[in-house]
Amino acid sequence: MSNNYLDEPPNMTPNRPITFYHLFALLLLLSGIFEAYSQPVPPDNSNIPFLVTFGKQASKKYGDDDFSQVFFLSIPSSESDPFYIRVFDPDVGGQHDEIYGGADTKTKFSVYGGTGAWTEPDAQQTDPIGKYKSGTLLDSRSFAATEKYDNDWYAFGPLDPKEGEFVKEFGGHVFKIVAEGTEGNDGNLYKYFFSRSPNVNIAIEGANAFGYEWTFRMPSEKNAVSHLYPYINEDVISIQQLNFDWDDDGIIKIVSYEKKGEWVAMSNEADWKSSTHQILPTERNSSLDIQFVKTKEKAKDNNNVCFSFKNQYGEFMRFYTIPIGGVQRFKYNVNLIERLREGERFKNDPIFAD
Ligand SMILES: [Ca+2]
Ligand SMILES: [Ca+2]
Ligand SMILES: [Ca+2]
């Protein structure tokens, strides 16, 4: 391909045969389709290696505030084929897990569907209190340390999509999976995949997963950046972010069309920090990019952190694995000089100070 193609701006010549730009556009389209099919939790686009749930005797200094983690899966109502909830490394021992003084921890995974699974107000809170286990229990299993499921998958199911709670707002049926650290003081590190198959990961088209509070392990590499993508609907005018046990591991910042990197108040050891941030109309109907950036010289290798968001009404907000409305990027001016100036301006921006 000649350099001419690369140097020309797109869409200048009508009736042009297939060009670099067409191929590029096709590639973008295909990557978009691929994205809509991918359903691991945490998602690939988060750069979060594992979810974490500790046993209830664990110290909160290990990074889990409540020894419980809840996710929801929404499946389009047109779906009728059975599916499986696959859990990677559900055991608490051997590889991946965080063990203190012997592996004595049990984690119970429970799958709920039916009326109230999501619509029960307690299910949309972030603490494991009240009727948060609402709905119909469809399947449940406890795991301790076991070689059989160490560094390997366990599959709940087959599940019938119609057994989820029908929610008109989502155009589909919603399932809930609760992970509880019922015994012990160790950390269970695990991942989910919502799959067509019990034995391999085959994504369910159009499905999406979300949680209100994510407790997760940061990558161990220095300068690593992890992401969460809270959806900002048209009613949001301000958000309150809450984070627990960040352990002074670097910077947590909000990136959006309007925010190049607005720092949030950051927690240290076993405490919560929160801060409130304004949302502009241009930041609505799509997802913010919350970046967790490891900046320290001595990177921590086992930092677990919890994160959640409230809107101005005090309602917890959903972080989807496939960001709704796409992920916002800061809107640089198109003019290169302006863009460079903006980069300069924001470099020294104090942004948010606690
Ligand atoms: Ca393990
Ligand atoms: Ca232990
Ligand atoms: Ca931590």
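Everything that follows concerns the structure shown earlier in this document.
Scope of this entry: the structure provided in the associated data block. (Residues numbered from 1 in each chain as written. Chains lettered and ligands numbered in written order. Predicted model: local features only at pLDDT ≥ 70, side-chain atom pairs only at ≥ 80, totals over all residues.)

**Looking at the overall build of the protein**
Thinking step 1. Each helix and strand in the protein was counted, giving three helices and 22 strands.
Thinking step 2. Counting all 354 residues of the protein, 39% fall into the buried class.
Thinking step 3. If you take every contact in the protein between residues at least 6 apart in sequence, the share linking residues at least 24 apart comes to 80%. (Helix = DSSP H or I, 4+ residues; strand = E, 2+ residues; numbered from the N terminus. Buried ≥ 20, exposed ≤ 12 C-beta atoms within 10 Å, placed from the backbone. Contact = placed C-beta atoms within 7 Å.)

**Focus on the sheet that holds strand 17 (residues 262-263)**
Thinking step 1. If you walk across this open sheet you meet the four strands as 13-20-16-17, and the pairing is antiparallel. One side of each edge strand has no neighbouring strand; the edge strands of this open sheet are strand 13 (225-228) and strand 17.
Thinking step 2. As defined by bridge partners, strand 16 (residues 250-255) adjoins strand 20 (residues 289-294) across six bridges and the pair is classed as antiparallel. Bridge pairing in strand 20 links I252 to F292. (Pairing = 2+ DSSP bridges.)

**Digging into the nonpolar core**
Thinking step 1. Of all hydrophobic cores here, the largest spans 67 residues; its most connected members are L73, I85, F175 and I177.
Thinking step 2. Taken domain by domain, this core gets at least three of its residues from each of domain 1 (40-213) and domain 2 (218-354).
Thinking step 3. The contact partners of I177, leaving out residues within four places of it in the chain, are F71, I85, F109, V111 and Y192. (Core = buried A, V, L, I, M, F, W, Y, C linked by C-beta atoms within 7 Å. Domains from an automatic or database assignment.)

**Section: the environment of W118**
Thinking step 1. Following the sequence through the fold, W118 ends up in the loop between strand 5 (106-113) and strand 6 (136-143).
Thinking step 2. Look at W118 and you get buried, because 25 C-beta atoms sit within 10 Å.
Thinking step 3. If we ignore the near neighbours within four places in the chain, the residues touching W118 are F72, A123, E165, V167, V174 and K176.

**Some points on the pairing of strand 10 (residues 187-195)**
Thinking step 1. The buried fraction of strand 10 amounts to nine of the nine residues, a majority that puts the element mostly inside the structure.
Thinking step 2. Across the two faces of strand 10 the burial is the same, with G187, L189, K191, F193 and S195 and N188, Y190, Y192 and F194 all buried.
Thinking step 3. Summarising the sheet, strand 1 (residues 40-41) and strand 10 pair through two bridges and their orientation is antiparallel. Pairing of V41 across the sheet is with Y192, part of strand 10.
Thinking step 4. The sheet contact formed by strand 2 (residues 50-54) and strand 10 spans four bridges and is antiparallel. Each residue of the ladder has a partner; that of L51, found in strand 10, is Y190.

**A closer look at unusual backbone geometry**
As a rule of thumb, non-glycine residues mostly have phi less than zero, and peptide bonds are mostly trans rather than cis.
Thinking step 1. Following V41, the chain continues to P42 via a peptide bond in cis, the omega torsion being 0°.
Thinking step 2. Of note, P42 is situated in the loop between strand 1 and strand 2.
Thinking step 3. Here the amide bond leading from G157 into P158 is cis, since omega sits at 10°, within 30 degrees of zero.
Thinking step 4. With respect to the secondary-structure elements, P158 resides in strand 7 (residues 153-159).
Thinking step 5. A positive phi angle, close to 55°, is found at D89, a residue other than glycine.
Thinking step 6. Note on placement: D89 falls in the loop between strand 4 (83-88) and strand 5.
Thinking step 7. Taking the C-beta count within 10 Å as the criterion, D89 has 22 such neighbours and is therefore assigned buried.
Thinking step 8. Not every positive phi belongs to a glycine, and N151 is a case in point at roughly 55°.
Thinking step 9. As for its position among the elements, N151 is in the loop between strand 6 and strand 7.

**Regarding the pairing of strand 21 (residues 304-311)**
Side chains on a regular strand alternate between the two faces of the sheet.
Thinking step 1. The buried fraction of strand 21 amounts to six of the eight residues, a majority that puts the element mostly inside the structure.
Thinking step 2. Two strands pair when backbone bridges link them, and strand 15 (residues 238-244) and strand 21 are joined in this way by six bridges, in the antiparallel orientation. In the sheet register, L242 faces strand 21, and the bridge partner there is S308.

**A closer look at the environment of S68**
Thinking step 1. Along the chain, the position of S68 falls in strand 3 (residues 68-76).
Thinking step 2. Look at S68 and you get buried, because 23 C-beta atoms sit within 10 Å.
Thinking step 3. In the structure, S68 is positioned 40 residues away from K108 in sequence and 9.6 Å away in space, judged by C-alpha atoms.
Thinking step 4. Contacts of S68, omitting those with residues within four sequence positions, involve T53, P128, V178, A179 and E180.

**A few points about the environment of F88**
Thinking step 1. Mapped onto the elements, F88 comes out in strand 4.
Thinking step 2. The class of F88 is partly exposed, set by 19 C-beta atoms lying within 10 Å.
Thinking step 3. Taking C-alpha positions, F88 is 4.4 Å from W153, a pair spaced 65 residues apart along the chain.

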